[in-house]
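Residues per chain, in single letters:
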Amino acid sequence: MADTHFAPGLEGVPATHSSVSHIDGAAGFLTYRGYTIADLVEHSNYEEVALLLLDGALPSAKALDQFDRGLRAHRQVKYNVREIMKFMPVTGHPMDMLHCAVASLGMFYPQQELSDAERENTPHLDAMAMRIIARIPTIVAMWEQMRFGNDPIPPRSDLSHAANFLYMLSGHEPDPAFVDILDSCLILHAEHTINASTFSVLVTGSTLTNPYHVIGGAIGTLAGPLHGGANQKVVEMLEDIGTVQRVGAYLDGKMANKEKIWGFGHRVYKTRDPRATLLKGMMEELASHGNLRHSRLFEIAMEVERQATERLGPKGVHANVDFYSGVLYHEMGIKADLFTPIFAMARSAGWLAHWREQLADNRIFRPTQVYIGEQPKSYVPVAQRF
Ligand SMILES: CC(=O)SCCNC(=O)CCNC(=O)[C@H](O)C(C)(C)COP(=O)(O)OP(=O)(O)OC[C@H]1O[C@@H](n2cnc3c(N)ncnc32)[C@H](O)[C@@H]1OP(=O)(O)O
Ligand SMILES: O=C([O-])CC(=O)C(=O)O
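Conventions used here
Residues numbered from 1 in each chain as written. Chains lettered and ligands numbered in written order. Predicted model: local features only at pLDDT ≥ 70, side-chain atom pairs only at ≥ 80, totals over all residues. Helix = DSSP H or I, 4+ residues; strand = E, 2+ residues; numbered from the N terminus. Buried ≥ 20, exposed ≤ 12 C-beta atoms within 10 Å, placed from the backbone. Near = placed C-beta within 6 Å. Nonpolar A, V, L, I, M, F, W, Y, C, P; charged D, E, K, R; others polar. Domains from an automatic or database assignment. Contact = placed C-beta atoms within 7 Å. Pairing = 2+ DSSP bridges.

## Concerning the overall build of the protein
Next up, step 1: Along the protein, the regular secondary structure elements total 17 helices and three strands.
Next up, step 2: Dimensions of the protein along its principal axes, counting C-alpha atoms only, are 75 × 55 × 45 Å.
Next up, step 3: Counting all 386 residues of the protein, 44% fall into the buried class.

Structure below.
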């Protein structure tokens, strides 16, 4: 069979119609439902952006208030989820924990797959989406306490989504500057067209399975180092480089061995990812106040970006969203293995918006393949095989 239509990694192949977000990869431009990410970071907050993604339009004050109250009211997870988490090895990666814990939420709800009536019932789907967005931060923050032998810190309903997460992570009143930064990071990570994890949402959702499987699968997909897992790798790489003076030799070694530079390159952007620009700007803003705790890491990051862009820019390989996010989280005192779970917290809104879009016009995903195996032949009994 001819393989003229085969595109490895489905590069350039449209998998769906969508109105959730749009990327101009040549210009380095990203919009959610028509609004630029820069505008949303400046004027909005994560709660509003999540609802914008889910509903398709900026909400009225009443709708936003209702959604926000819903998020605050559903932060608690059932005691049984905590019991399940108790059996997970504390040495496991938080993304593995999150994958299991989110999938397990489906067992605490009556239906295992969506009936036709449920699929067409918008308020029912809205409620499921809102509850998932509300609970992922709780699970991540609970784990941060539980893995060090502490009791989870109960969520607070008087705090915003970002503030409550930071509070639950540490048990301390969060620094308002860090709340603002995290809120902006959540906005910037909330959505990104048909990336690998969102594609997994479309495929899993198209079978009409429950949203916990859909989001669990997406979390597993995001965890990989070629996707969301790169943010942890970036900070590990910067630590490994250690000093600004070592950047050149480090990059030369990587290039010579044909190894990837973490946080660089993108299937769609052939210029700098606009989210990297905004994240770097936030780090510069923090630095301008002169009290960065980890300025060394930021200086190394900037030098890696400068030198890696000199080497890889001509190929269209530039810094992506994962390059500066970890440096920011590190500055906020967040551990490196929580960077990708924070990405998942944010992306849950985009995933669920695509899940809703898929259900509204569903057809099961079932692509084909180019068969390159053997033609039919006779079975050979084991005694006659060499
Ligand atoms: C949230 C996100 O998912 S953002 C992406 C996060 N992932 C990373 O940062 C991991 C590092 N980056 C990568 O592995 C890739 O750039 C990906 C996975 C993001 C995109 O992969 P693809 O679109 O398949 O790009 P592909 O691997 O074909 O790269 C094209 C060329 O650029 C090079 N290249 C791409 N990324 C990098 C990199 N990070 N370091 C060095 N070279 C790179 C490739 O070696 C290839 O070179 P060649 O044409 O000489 O063979
Ligand atoms: O779009 C992609 O392929 C990966 C990405 O940047 C994201 O998911 O945010």
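## Brief notes about the site of ligand 2
Next up, step 1: Residues in close proximity to ligand 2 include His192, Asn195, His266, Arg267, Val268, Asn320 and Val321, which together make up its full environment.
Next up, step 2: Partitioning the shell around ligand 2 into residue classes produces two nonpolar, four polar and one charged.

## Section: the domain arrangement of the protein
Next up, step 1: Assigned domains within the protein: domain 1 (18-227 + 341-360) and domain 2 (231-331).
Next up, step 2: Taking the mean C-alpha position of each, domain 1 and domain 2 sit 26 Å from one another.
Next up, step 3: Contacts between domain 1 and domain 2 engage 17 residues on the former and 17 residues on the latter.
Next up, step 4: Those elements giving two or more residues to the side of domain 1 that touches domain 2 turn out to be strand 2 (29-32), helix 1 (37-43), helix 9 (176-188) and helix 17 (339-360).
Next up, step 5: In terms of residues, the side of domain 1 that touches domain 2 owes the most to one element, helix 9, which gives four residues.

## Some details on the sheet that holds strand 2
Next up, step 1: If you trace the three strands from one edge of the open sheet to the other, you get 1-2-3, paired in antiparallel fashion. Looking at strand neighbours, the two that pair on one side only are strand 1 (21-24) and strand 3 (35-36), the edges of this open sheet.
Next up, step 2: Relative to strand 2, strand 1 runs antiparallel, the two being bridged by four bridges. Looking at strand 2, one finds that His22 is bridged to Thr31.

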